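Geometric and topological summary
For reference, the chains in residue letters:
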Amino acid sequence: MNPPVLLLHGIWNARAWVGPLAWRLRARGFSVDTFGYSSVFGGPDVAVPQLLERLKDSGPVSLVGHSLGGLVALEALRQQPDLPVSRVVCLGSPLRGSGTARSLADHGWSLALGRSSELLLDGLPAWEGRAQVGLIAGSVPHGLGSLLGAIGEASDGTVALDETHLPGLADHCVVPASHSGLVFSPEAARQTAAFLRDGRFRPDRAAHAA
């Protein structure tokens, strides 16, 4: 029996944003709930303690975070590594910091990032936690980062491919989707389900890097 799954949305989004992914995971037999947080006015300083409180008495659970949601999930586990979280899937999360966020700040739009700016700008250190972490990156370069000229073609349009690689990941794969499209992608959902079940992405994926 697979542990329940808790989904975390990204910046400028709400819980409903990850609804399509939740639907696809439920269709694959997972019990799914969503975690909502204030990504701009609250940021990780508020979201991480709220998530820790949610997980404290939850029992075994897996986490799936889109973009900033993946960073929030891993930061929570960095602060309390003994939580009963076995696996985490990050979708398009700029684990090594976001060039798009830096470009926004350089253009004087850092207020748009709100209290999430530091985590988005700096990213996270190498992963050394107990939970297995997999990252699904997108390869369709349509998004804000491309419009700003902040990142190159090897991206999902918002997050560069090299920003998604972090030492300590259990697995990494690339699917044909833009940054926003990752939550709507059947292939991203398929790979998410595979990692949640097995701790690895499916071997027939088009592109990968461990």
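Refer to the preceding data block for the structure.
Residues numbered from 1 in each chain as written. Predicted model: local features only at pLDDT ≥ 70, side-chain atom pairs only at ≥ 80, totals over all residues. Heavy atoms only, no water.

Let's talk about the overall build of the protein
The cut-off we apply is this: Helical segments are the DSSP runs of H or I of at least four residues, strand segments are the runs of E of at least two, and each set is numbered from the N terminus. We call a residue buried when its accessible area falls under 20% of the maximum for its residue type, exposed when it is over 50%, and partly exposed in between, using a 1.4 Å probe and counting protein chains only. Any two residues having at least one pair of non-hydrogen atoms within 4.5 Å are treated as being in contact. Accessibility throughout is a Shrake-Rupley quantity obtained with a 1.4 Å probe, and a residue counts as covered only by protein chains that appear here.
Counting its regular elements, the protein contains 7 helices and 7 strands. Along its sequence from the N terminus, the protein presents helices and strands in the succession β-α-β-α-β-α-β-α-α-β-α-β-α-β. Out of the 210 residues belonging to the protein, those deemed buried represent 53%. Partitioning the intrachain contacts of the protein with sequence separation of at least 6 by distance along the chain shows that 74% fall at a separation of at least 24. For the protein, the accessible area works out to roughly 9,100 Å², and carbon and sulfur atoms hold 53% of it.

Some remarks on the environment of Gln-50
Of note, Gln-50 is situated in helix 2 (residues 44-56). Beyond its immediate stretch of four places on either side in the chain, Gln-50 contacts Phe-35 and Tyr-37.

Description of the nonpolar core
Defined as follows: Only buried residues count toward a nonpolar core, which is a set of Ala, Val, Leu, Ile, Met, Phe, Trp, Tyr and Cys residues joined through side-chain atoms within 4.5 Å.
Counting residues in each nonpolar core, the largest one holds 37 residues, and the members touching the most others are Leu-63, Val-85, Val-88 and Leu-95. Of all elements in the fold, only strand 1 (5-8), helix 2, strand 3 (61-66), helix 3 (68-79), strand 4 (85-91), helix 5 (117-122) and strand 5 (132-138) reach the threshold of two or more residues within this core. Those residues in contact with Leu-63 that lie beyond four places of it in its chain are Leu-6, Leu-8, Leu-55, Ala-73, Leu-77, Val-85, Arg-87, Val-88 and Val-89. Formed by 23 residues, the second largest nonpolar core is a distinct cluster that contains Val-5, Leu-25, Val-183 and Ala-193.

Quick look at the pairing of strand 6 (residues 171-175)
Heads up, the rule is: In this analysis, strands are considered paired if DSSP registers two or more bridges between them.
In terms of burial, strand 6 is largely enclosed, as 5 of its 5 residues are buried. Judged by which residues are buried, strand 6 turns out to be covered on both faces: Asp-171, Cys-173 and Val-175 on one side and His-172 and Val-174 on the other are all buried. As defined by bridge partners, strand 5 adjoins strand 6 across 5 bridges and the pair is classed as parallel. Paired with Ile-136 across the two strands is Cys-173, which belongs to strand 6.

Structural notes on the side chain of His-172
Spelled out, the test is: By the criterion applied in these results, polar contacts are pairs of N or O atoms within 3.5 Å in which, for protein atoms, one can donate a hydrogen and the other can accept it, and in which residues neighboring in sequence qualify only through two side-chain atoms.
Among the structural elements, His-172 can be located in strand 6. Within the structure, His-172 has its side chain in polar contact with the side chain of Thr-164 (distance 2.8 Å).

Regarding helix 2
Quick reminder of the rule: In this analysis, the expected span of each helix is defined as 1.5 Å times one less than the number of residues it contains. This arc corresponds to the set of directions leading from the helix axis out to the C-beta atoms.
Taking 1.5 Å of rise per residue, 13 residues should cover 18 Å, and helix 2 covers 17 Å from first to last C-alpha, within 8% of that figure. Taken together, the buried positions of helix 2 are Pro-44, Ala-47, Val-48, Leu-51, Leu-52 and Leu-55. Relative to the axis of helix 2, the buried residues are bounded by an arc of 135 degrees and lie together on one face. Where helix 2 is buried, its residues meet strand 1, strand 2 (32-35), strand 3, helix 3, strand 4 and helix 5.

Comments concerning the packing of aromatic side chains
Rules: In summary, the pairing rule links any two rings of Phe, Tyr or Trp, Trp by its six-membered ring, whose centres are within 6.5 Å, and it sorts them by plane angle into stacked for under 30 degrees, edge-to-face for over 60 and tilted for everything else.
All told, the structure shown has 3 aromatic pairs when counted by the stated rule. Centroid distance Trp-17 to Phe-184: 5.4 Å. Interplanar angle 85 degrees. Geometry classified as edge-to-face. Placement of the pair is Trp-17 in the loop between strand 1 and helix 1 (19-27) and Phe-184 in the loop between strand 6 and helix 7 (186-198), with a sequence separation of 167 residues. Overall, Trp-17 belongs to the partly exposed group, its relative accessible area being 25%.

Quick look at the side chain of Ser-98
Within the secondary structure, Ser-98 is located in the loop between strand 4 and helix 4 (99-106). Judged by its relative accessible area of 5%, Ser-98 is buried.

Thoughts on the pairing of strand 4
Applied cut-off: Call a crossover right-handed when, viewed with both strands pointing away from you, the route from the first strand across the helix to the second goes clockwise.
Burial of strand 4 is extensive: 6 of the 7 residues sit out of reach of the surface. Two elements, strand 3 and strand 4, share 5 bridges in a ladder whose sense is parallel. Note on strand 4: the bridge partner recorded for Leu-63 is Val-88. Once you follow strand 3 into helix 3 and on to strand 4, the crossover reads as right-handed. Sheet topology note: the strand 4/strand 5 ladder contains 5 bridges and is parallel. In the strand pairing of strand 5, Val-89 is matched with Gly-134.

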